[in-house]
Amino acid sequence: MTPKVLLAASAAAALLLALPASAAQLTIGFSQIGSESGWRAAETSVSKQEAAKRKVNLKIADAQQKQENQIKAIRSFIAQNVDAIFLAPVVSTGWDSVLKEAKEAKIPVVLLDRDIDPSGKDLYLTAVTSDSVHEGAVAGDWLAKTVGTKACNIVELQGTVGASVAANRKKGFDTAIAKHANLKVLRSQTGDFTRAKGKEVMESFIKAEGGGKSICAVYAHNDDMMVGAIQAMKEAGLKPGKDILTVSIDAVPDIFKAMAAGEANATVELTPNMAGPALDAIAAFKEKGTVPPKWIQTESKLYTAADDPQKIYDSKKGLGY
């Protein structure tokens, strides 16, 4: 290499190092829970799309719903000296040690979709989530308004035990229906946010409640469990959406397909685009030192059969759900 070429190469390297973080490509590690639901798959797909838009190198590690895998992934990202880490925590506790390691390495951490125990709030930069208590309340308010003064026995399909989103969606729903003496949760059990488990648990509810005759409504912490529950109802000779009302959360395409068929009644949307606001926050932090608010809240919109579910299904089905 000639001295002139060497000088030019050195100057180019120096210029690259001097570029702001938004211009030089960022590398971000994303510890994703897994693909336990259609919504989770869409979040991963949309995250890739949002990263590509911004020319960010996004490294995704699938934890297969195990916290130990997420901790290993975070330590691997720290060892790689990534620019930032995104974490969708499978449970809310047990993160202090590994997040302290990230903080000591001066790698900012952004939580996506789920929060962690309050004791760890100084260990991450911001959390991009919905208000999952509000989501549960929206579902409960819809059910109360729909049944009016009629007595209504409810069965509940909870999310993963220990997940903050499951606890909060239950809390919001319980608070909403507590205002109405005619609404009562008969049975509540985890369906682990999966279709298969949702179907299995709903089958047990139906058997325990006289073939489902005493069940007025089912509330599921996510749509995938509800899709499984709908299948269980149909196999038991019931008409979901008519014999038993349904309300769930996430607004994945398949729930709109069920709604269009008259087999589901309502869903509360959880946007899969958590990465977009997170990437914007990291870019501003890296480039200008702008510290984002501790919580970046996304919208929670209610959809029913009145909202043209077939049209919504068509608009969502290509998002990776």
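Residues numbered from 1 in each chain as written. Predicted model: local features only at pLDDT ≥ 70, side-chain atom pairs only at ≥ 80, totals over all residues. Heavy atoms only, no water.

## Here we look at the domain arrangement of the protein
Inclusion rule: Residue ranges assigned to the domains are those given by an automatic or database domain assignment. Only heavy atoms enter the contact rule, under which two residues are in contact if any of them lie within 4.5 Å. Each of two parts loses accessible area, computed with a 1.4 Å probe, when they are put together; buried area is these two losses added. The working definition used for a salt bridge is a side-chain nitrogen of Lys or Arg within 4 Å of a carboxyl oxygen of Asp or Glu. For this analysis, a polar contact is any N or O atom pair within 3.5 Å, provided that within protein one partner can donate a hydrogen and the other can accept it, and provided that sequence-adjacent residues contribute only side-chain to side-chain pairs.
With domains assigned, the protein is organised as domain 1 (22–130 + 272–290) and domain 2 (132–270 + 304–319). If you average the C-alpha positions of domain 1 and of domain 2, the two centres end up 29 Å apart. With 17 residues of domain 1 at the contact, the number on the domain 2 side is 17 residues. Buried area between domain 1 and domain 2, summed over both chains or domains, comes out near 1,300 Å², and the portion from carbon and sulfur atoms is 53%. The interface formed by domain 1 and domain 2 holds zero salt bridges in total. Connecting domain 1 to domain 2 are seven residue pairs in polar contact (both at pLDDT 80 or more).

## Re the packing of aromatic side chains
Our working rule: A pair of aromatic rings is counted whenever rings of Phe, Tyr or Trp (Trp by its six-membered ring) have centres within 6.5 Å, and the orientation is called stacked for planes under 30 degrees apart, edge-to-face for over 60 and tilted otherwise. In this description a helix means any DSSP run of H or I spanning at least four residues, a strand means any run of E spanning at least two, and both kinds are numbered starting from the N terminus. Exposure classes here rest on a 1.4 Å probe applied to the protein chains alone. A residue is buried below 20% of its type maximum, exposed above 50%, and partly exposed in between. Geometrically, a lysine NZ or arginine CZ counts as sitting over a ring once it is within 6 Å of the ring centre and also within 35 degrees of the ring normal.
Taken as a whole and judged by the stated rule, the model has three aromatic pairs. Geometrically, the ring pair formed by phenylalanine 30 and phenylalanine 86 is edge-to-face, given 6.3 Å between the ring centres and 70° between the ring planes. Taken as a pair, phenylalanine 30 in strand β1 (residues 27–32) and phenylalanine 86 in strand β3 (residues 84–87) lie far apart in primary sequence, 56 residues in all. The exposure classification of phenylalanine 30 matches that of phenylalanine 86, with both residues buried. With centroids separated by 5.4 Å and ring planes inclined at 85°, the aromatic side chains of phenylalanine 256 and tyrosine 303 adopt a geometry described as edge-to-face. You can see phenylalanine 256 sitting in helix α9 (residues 253–260) and its partner tyrosine 303 sitting in strand β12 (residues 302–304), a full 47 residues away along the chain. Looking at tyrosine 303, the relative accessible area reads 11%, which means it is buried. The ring centre of tyrosine 124 lies 4.6 Å from the NZ or CZ of lysine 294, which sits over that ring.

## A closer look at the sheet that holds strand β10 (residues 266–269)
Formally: At least two bridges found by DSSP between two strands are what make those strands a pair. Angles here are taken between N-to-C directions and fall from 0 to 180 degrees, while the axes themselves are lines fitted to C-alpha atoms, restricted in helices to the stretch in contact.
Read from one edge to the other, the open sheet built from six strands follows the order β7-β6-β8-β9-β10-β12, with strand pairing classed as mixed. Both outer strands of the open sheet, β7 (183–190) and β12, are each paired with one neighbouring strand and no more. In this sheet, neighbouring strand axes are inclined to one another by 20° on average, regardless of whether the strands run parallel or antiparallel. Here three bridges tie β10 to β12, and the two strands are oriented antiparallel to one another. Looking at the pairing, alanine 266 lines up with threonine 304 of β12. Of the strands in this sheet, β6 (152–158), β7, β8 (217–220), β9 (245–250), β10 and β12 touch helix α5 (residues 132–147), which is tilted by about 160° from β9. Here α9 sits on the sheet in contact with β9, β10 and β12, set at roughly 155° to β10.

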